[in-house]
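One-letter residues, chain by chain:
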Amino acid sequence: MQYLPPDQVFQELFTDQHRSGIWPDGKTISDMTPLSPPQVILEKYRAEKGLPGFDLKAFTEAHFEIPTSKTSGFQSDPTRPVAEHINILWDWLKREADEARPGSSLIPLPYPYIVPGGRFNEIYYWDSYFTMLGLQTSGRVDIIENMVRNFAHLINEFGFIPNGNRTYFIGRSQPPFFALMVSLLAAEQGDMVFANFFPQLLKEHSFWMKGINPDWEAKSGLQYSERAVRLEDGEVLNRYYDNFHSPRAEMYSDDLETAAHADREATQLYLDLRAACESGWDFSARWLTNPNDLSTIHTTDILPVDLNCLLCFLEETCTKALALQGDTNDAGAFYTLERKRKAAILKYHWSETHGFFMDYDFRKKRHTEVFSLAGMYPLFFKIATPEQAESCAKVIQEKFLRPGGVVTTPIHSGQQWDAPNGWAPLQWITIQGLKNYGFDDLANDIKKRWIDLNTKVFRNTGKLLEKYNVENIDLLSGGGEYPVQDGFGWTNGVLLRLLVS
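All of these numbers come straight from a predicted model, not from anything done at the bench.

(A) Region of interest: empty space enclosed by the protein. With the rule as written, the count across this model stands at three cavities of 30 Å³ or more. Of the voids in this model, the second largest cavity is the one considered here, and its volume is about 60 Å³. Pro-6, Phe-10, Phe-14, Gln-17, Ile-29, Ser-30, Met-32, Phe-64, Gly-103 and Ser-105 are the residues that line the second largest cavity. Ranked by residues supplied to the lining of the second largest cavity, first place goes to helix 1 (residues 6-20) with four residues.

Written out as structure tokens, the structure reads:
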């Protein structure tokens, strides 16, 4: 089946809709479902748009189904225990297997799944792991299995897991959590799960390592492909990327505006914006040379510490799966990759100056200056030394701890992945990372602050939100390209798990 993003399907109708300003959220346009064959709609538009009194809004509403939040009819009861609220909400966030609809941007999935909620009515890759933590706590292993099967299906279809099951996401992935999902399912169903999904684990690894070739070994100096970078000493680490270098279909007008005010080449700007979306951190000062100017984004220059820790775990999981199948030769090869990556993470991401794990700018050959919770991934995956973990715990205490939990970065840039916001997945990574090295008091303090904030907002609003203001716990979160969303898959999952851990 051919999957085309909506800008290619609807051409000038798509761009005219985005440029019109009628719909404040570009995602609304890209998620509309055509009510008749796309070519018929496009031909009608071309025939009618020049006529006197033509109304683009009326035309769109006549020919498309406008997306709405599926949870908008849910009646929340803030007097309920929050855990009970989450367990009820799972079925509201659940989507059944999809039917293919010509011209729709939705990529159909063969099994039921959980969406985040709000404007997000499709599955999202890295969100889903944190949602699964809550599903596991709720005993909903059937949904976990179906979601893992859906991700395996996407890998079989595309060779990787797209950002989400929308055609406009097929140029990029997201942080590679599939190995953690498989491990979570294996904890429930046994080690045969590793064998069942090993082909997809291997394909995902190949996706991230695409472009590495023997010619690299014959050359000196820096070499890089799409997502893989060989540094001067021969070590290979990875970066975020996107296969398209054009405005995002879901934020088309926003990207055009950013490019119009940028003093740089547009296609590289679009690539760096898209690469930040692959990171899941869209957007953050982490990717910017000037925290107050989105056009200074340079994501593709950066080797992110979180990505390389995730790929190290993927290599560890491939080693385990192969060993369980008795394939000692290939298991040994993956073990070598895993050990090399761990050494490279310690070499390139640990900063003695900062006392923390930092992203590495491979073009400038130095660490970036932005402290972020991505630096806790080496503790989460037990890559850090005890001495490094102790230093990281001090940095968390001094730079990140706030009344409502931990802030994502200490920088106030106006971007949603910076202060004052805190996000459920990074609370989980930080708490578990600290516990891995015996810093239980600090971990439990963060846990309590986060639970208390989530519960307070739920009592006041009846909602669990995508992100929270952890600095001023009397305010809701803000920043970013769209209003704060409620639902919310990964918040529900992490909160439910923390309540019982």
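(B) Spotlight on the layout of surface pockets. Considered as a void within the structure, the largest pocket measures approximately 650 Å³ in volume. Together, 24 residues line the largest pocket, and Pro-67, Thr-68, Lys-70, Asn-121 and Arg-166 are the ones closest to its centre. Its residues assigned to classes, the lining of the largest pocket shows five nonpolar, seven polar and 12 charged. For the second largest pocket, the calculated volume is near 300 Å³. At the level of secondary structure, the elements contributing two or more residues to the lining of the second largest pocket comprise helix 10 (198-209), helix 11 (214-218) and helix 15 (328-348).

(C) Spotlight on the sheet that holds strand 12 (residues 366-367). Here three strands make up an open sheet; going across it, the order is 8-11-12 and the pairing antiparallel. Two strands close off the open sheet at either side, each with one partner strand: strand 8 (302-303) and strand 12. Relative to strand 12, strand 11 (residues 360-361) runs antiparallel, the two being bridged by two bridges. Looking at strand 12, one finds that Asp-361 is bridged to Arg-366.

(D) Representation of the pattern of salt bridges within the structure. One pass over the full model with this rule turns up 31 salt bridges. The salt bridge involving Glu-232 is made with Lys-365; its shortest N-O contact spans 3.4 Å. Placement of the pair is Glu-232 in the loop between strand 6 (228-230) and strand 7 (236-238) and Lys-365 in the loop between strand 11 and strand 12, with a sequence separation of 133 residues. Its relative accessible area of 52% is what places Lys-365 among the exposed residues. For Glu-338, the salt bridge goes to Lys-342, with nearest N and O atoms at 3.3 Å. Of the two residues, Glu-338 and Lys-342 are both situated in helix 15; the distance of four residues between them amounts to about one turn of the helix. Take Lys-342: its relative accessible area is 15%, and that puts it in the buried class.

(E) How the structure looks around the nonpolar core. One finds Phe-130, Phe-177 and Phe-178 to be the most contacted residues of the largest nonpolar core, which totals 155 residues. Of all the elements, helix 14 (residues 305-324) adds the most residues to this core, at 11 residues. Contact partners of Phe-130, with chain neighbours within four places excluded, come to Phe-177, Pro-425, Trp-428, Ile-429, Trp-490, Gly-493 and Val-494.

(F) Spatial organisation of the packing of helix 8 (residues 178-189) against helix 14. The N-to-C vectors of helix 8 and helix 14 enclose an angle of 45°; their axes lie 8 Å apart at closest approach. Between helix 8 and helix 14, the crossing angle belongs to the class labelled oblique. Across the interface between the two elements, Ala-179, Leu-180 and Ser-183 of helix 8 pack against Leu-310, Phe-313, Leu-314 and Thr-317 of helix 14. Among the residues making up the contact of helix 8 with helix 14, the classes are represented as five nonpolar, two polar and no charged.

What counts, and at which threshold
Residues numbered from 1 in each chain as written. Predicted model: local features only at pLDDT ≥ 70, side-chain atom pairs only at ≥ 80, totals over all residues. Heavy atoms only, no water. 1 Å grid on protein atoms, 1.4 Å probe; cavity = no way out; pocket = protein on both sides within 12 Å on 5 of 7 lines; lining within 4 Å. Points joined across faces, edges and corners; volume = space filled by probe spheres on them. Helix = DSSP H or I, 4+ residues; strand = E, 2+ residues; numbered from the N terminus. Nonpolar A, V, L, I, M, F, W, Y, C, P; charged D, E, K, R; others polar. Pairing = 2+ DSSP bridges. Salt bridge = Lys/Arg side-chain N within 4 Å of Asp/Glu carboxyl O. Buried < 20%, exposed > 50% of the residue type's maximum accessible area, 1.4 Å probe, protein only. Core = buried A, V, L, I, M, F, W, Y, C linked by side-chain atoms within 4.5 Å. Contact = heavy atoms within 4.5 Å. Axes fitted to C-alpha atoms, helices over the stretch in contact; angles between N-to-C directions. Parallel < 35°, antiparallel > 145°, perpendicular 65-115°, else oblique.

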